[in-house]
Amino acid sequence: MKLLLRFLVGAALAATVAAEAAPTDTPPGYALASAHPLATQAGAEILDAGGNAFDAAVAVSAALSVVEPQASALGGGGFFLLHRQSDGVQVMVDGREVAPLAATEGMFLDKKGVPDPKKSRVGPLAAAIPGGPAAWIHIASKYGTRPLAQLLAPAVRYAREGFPADRRYVRDLTMVTDRLSPAAAAVFMPGGKVPAEGTLIRQPELAVVLEQIGTQRRAGFYEGAAAEKLVAAVRAAGGIWSIEDLSRYRIIERKPLTFFFRDHRLVSAPPPSAGGVILAQTLGMLEARNWPPAEPVEAKHVLVEAWRRAYRDRRELGDPEYVFAPLYRLLSPEYLRPLARDIDPARATPSVPATASREGQHTTHFSILDAQGNRAAVTVTLNEYFGSGFMPAGSGVLLNNEMDDFTAAPGALNAYGLEGAKANAIVPGKRPLSSMAPTFVEGPRGLLILGTPGGSRIPSMVLLGTLAFVQGGDAAQVVGLRRYHHQHVPDRIEHEPGALSEGERAALAARGHALREVADGYGNMQAVWWDRIGDHVEAASDPRGVGSGLARRLRPELPTPDQVGK
Ligand code: DON
């Protein structure tokens, strides 16, 4: 059959954006969903004041840096996928962290040449140079309509006045108390212990940094006294950051990865994320097989086998400024068709032997659609819960442990059990390979904006959400569905309770799959749906988290046929 996957490859060139034909229609209102109600509120505050989706994206991201400190963009980074409705421009602002200039390929190996995960995951060496603040500054000035200080104001307020610890904060903090540096512990564990739910967490030093960024922009973080203070504190604790690292940091505007699945057009993250590539490859294989087959368990088996093959190819990817990204090959029908054909409907194809992967994960995603039709899908991260746990003394800024997303040594597994390869080796100034996949899906039923945290499981979750939408689901169904996953190594299907029936588990095991039920639900998906047929907008926040979705209609409902002419 004819493989319908078509694609446009995101050339990794600065300031390259894709101008699509400008659609003229607009949604009947705005909708947004984020992992925290106070962040959703911050975005709504900006939209209600006349700001656009890009203004709101900065406000929500900054607010999350305060109220969801586990996943801050301020000391971390991530990908801001944007669509401007007036001219159809689509761009991914890549605010991914970069390796410090003093980083070396073997910096996380012990004397015997064995990777030491403590070094790459805890403390100042684990921290790459943050890109979040640079992304905010860039988006506000190029795409926004409001002064940066106004966009950061809700975050400043939350930092100064405090936010109540919620159940996720308490749960996540409990897992990392032993990795917090003294400054971080003083902020996040008032009185030296994990706070009870409802305890106010105040971050006065963070409020100052946010204000500095709002008024001084780059000089508030990357240059001058602000940079000197950060670098001195990082180095005093044994880190390797330099003033030059901060002054050199730049976001990169990338052309998003665009591909098609049946009558749907998907726009997602290009390298240095593998997220969009895994989505495109998997959907390409499904399309080549005319998925789904009639039997539901076979549909799941084929999907798992497609994931297995797509995740295997992840090791060919890295920062496209440093290694050639073979996207034309990986996404071409000539490559994907035989891969798809190779899937045996009756048997699992064995991967390399299994190794345990960790479940600890943390990141945040939010989705925004404004009433003009502008969109933002944003996934940002510190990598693991509370990142490296390291807060440079006196700074209020919790730093990421994104260095662990690099390959410590060929074949070594990172925190998510992902196999490392040369393409993702540590090089000064290089961006670590990511799995984050902020995504737009457009089809006959309208537009879906989605994404989620979850490390290596991000692409499989976004894929399940996309398929649910393609098959008729609404925003709540997209974020709520039970999830299952396969990432080539470890060679097993990991699934949430309830994702697979007993009969399906037995049928998959009979095909040769190992199965493992994960104790808790995983992911924290945030989705917005612009239903073009029903002329309404809706937002949904993952029931596994504490976030909130908000949709506000600003245009009167269209008259129903029986009202017309009365
Ligand atoms: O960029 C990545 O792929 C990882 N640093 C993302 C980590 C993550 O999603 C943790 N989430 N819960």
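Residues numbered from 1 in each chain as written. Predicted model: local features only at pLDDT ≥ 70, side-chain atom pairs only at ≥ 80, totals over all residues. Heavy atoms only, no water.

Help me get a handle on the overall build of the chain, residues and values and all.
Assigned secondary structure in the chain consists of 17 helices and 20 strands. By the compact-globule yardstick of 24 Å for 566 residues, the chain fits well, its C-alpha radius of gyration being 22 Å. Here the C-alpha coordinates of the chain stretch approximately 75 × 60 × 45 Å along the principal axes. Within the chain, buried positions represent 63% of all 566 residues. Look at the contacts in the chain between residues 6 or more apart in sequence, and 74% of them connect residues 24 or more apart. Just so you have it, the chain exposes about 19100 Å², and 56% of that area is on carbon and sulfur atoms. The averaged location of the 58 negative side-chain charges in the chain is 2 Å from the averaged location of its 59 positive side-chain charges. (Helix = DSSP H or I, 4+ residues; strand = E, 2+ residues; numbered from the N terminus. Rg over C-alpha atoms; globule rule 2.2 N^0.38 Å. Buried < 20%, exposed > 50% of the residue type's maximum accessible area, 1.4 Å probe, protein only. Contact = heavy atoms within 4.5 Å. Areas by Shrake-Rupley, 256 points an atom, 1.4 Å probe, with all protein chains shown as cover. Lys, Arg positive; Asp, Glu negative; His and termini not counted. Charge placed at Lys NZ, Arg CZ, Asp CG, Glu CD.)

Tell me about the packing of helix α11 (residues 275-288) against helix α14 (residues 333-341), and please be specific about residues and values.
Running from N to C, α11 and α14 cross one another at 65 degrees; their axes reach a closest spacing of 8 Å. For α11 against α14, the interelement crossing comes out right-handed. Packed against α11, whose contacting residues are A280, Q281, G284, M285 and A288, the element α14 presents Y335, L336, R337, L339 and A340 at the interface. Residues that form the contact of α11 with α14 fall into these classes: seven nonpolar, two polar and one charged. (Axes fitted to C-alpha atoms, helices over the stretch in contact; angles between N-to-C directions. Left-handed = near helix turned anticlockwise from the far one by under 90°. Nonpolar A, V, L, I, M, F, W, Y, C, P; charged D, E, K, R; others polar.)

How would you explain helix α1 (residues 37-48) if you had to name every residue and give the values?
Here α1 contains twelve residues, and its C-alpha end-to-end distance of 16 Å stays within 8% of the 16 Å for a straight helix at 1.5 Å per residue. For α1, the full list of buried residues reads L38, A39, T40, A42, G43, A44, I46 and L47. Those residues of α1 that are buried lie in contact with β3 (29-34), α2 (53-67), α5 (148-161), β6 (163-164), β11 (364-369) and β20 (548-553). Positive phi shows up at G50, right after α1, with a value of about 95 degrees. (Expected span 1.5 Å × (residues − 1).)

Please give an account of the pairing of β11 that cites residues and values.
Among the six residues of β11, six are classified as buried, and the element is accordingly described as predominantly covered. Sheet analysis places β3 next to β11, joined by three bridges and oriented antiparallel. Across the sheet, the residue bridging to A33 is S367, located in β11. Remark: five residues form the turn of the hairpin made by β11 and strand β12 (residues 375-381), two consecutive strands paired antiparallel; G373 in that turn has positive phi of roughly 100 degrees. (Pairing = 2+ DSSP bridges.)

So what's going on with the sheet that holds strand β15 (residues 484-485)? Which residues, and what values?
Working definition: the strands of a sheet are paired by backbone hydrogen bonds and lie parallel or antiparallel to each other. Across the sheet, three strands lie side by side as β15-β16-β17; this open sheet has mixed pairing. The sheet is open, and its two borders are formed by β15 and β17 (515-517), each paired with just one other strand. Pairing between β15 and strand β16 (residues 493-495): two bridges, direction antiparallel. The partner of Y484 across the bridge, within β16, is H495.

Got a sec to walk through unusual backbone geometry? Specific residues and values, please.
Residue P272 is bonded to the preceding P271 through a cis peptide linkage, with omega at 20 degrees. Mapping P272 onto the fold places it in the loop between β10 (264-268) and α11. Residue V489 is joined to P490 through a cis peptide bond whose omega torsion reads 0 degrees. By the secondary structure assignment, P490 is in the loop between β15 and β16. A positive phi angle, near 80 degrees, is found at N383, a position not held by glycine. By relative accessible area, which is 2% here, N383 ends up buried. We note that H488 has phi near 75 degrees; this positive angle belongs to a residue other than glycine. Relative to the helices and strands, H488 resides in the loop between β15 and β16.

Provide a residue-level description of the environment of F108, including the pertinent values.
Structurally, F108 is set in the loop between β5 (89-95) and α3 (117-121). Non-local contacts of F108, meaning those with residues more than four positions away in its chain, are made with V114, P115, D116, K119, S120, L125, M403, A408 and I426.

Residues and numbers for the site of the ligand, please.
Near the ligand you find 16 residues, and of these T363, E402, D405, S434 and S435 are the closest. With the chains in place, 98% of the 340 Å² that the ligand exposes on its own is no longer accessible. The cavity that encloses the ligand is the largest cavity. Split by residue class, the shell around the ligand holds four nonpolar, nine polar and three charged. (Near = heavy atom within 4 Å. 1 Å grid on protein atoms, 1.4 Å probe; cavity = no way out; pocket = protein on both sides within 12 Å on 5 of 7 lines; lining within 4 Å. Sits in = over half its atoms within 2 Å of the grid points.)

Describe the layout of surface pockets, and please don't skip the residues or the numbers.
As a volume, the second largest pocket reaches approximately 280 Å³. Surrounding the second largest pocket, 27 residues form its lining, F406, A408, A412, L413 and N414 being those nearest its centre. Residues that form the lining of the second largest pocket fall into these classes: 15 nonpolar, five polar and seven charged. (Points joined across faces, edges and corners; volume = space filled by probe spheres on them.)

Before we move on, can you summarise the pattern of salt bridges with the specific residues and values?
Summed over the entire model, instances satisfying the criterion amount to 40 salt bridges. A salt bridge links R171 to D172; the shortest N-O distance between them is 3.0 Å. Its relative accessible area of 36% is what places R171 among the partly exposed residues. Linking R329 and E316 is a salt bridge whose minimum nitrogen-to-oxygen distance equals 2.4 Å. Of this pair, R329 sits in helix α13 (residues 327-330) while E316 is found in the loop between α12 (296-313) and α13, placing the two residues 13 residues apart along the sequence. Judged by relative accessible area, which is 29%, E316 ranks as partly exposed. (Salt bridge = Lys/Arg side-chain N within 4 Å of Asp/Glu carboxyl O.)

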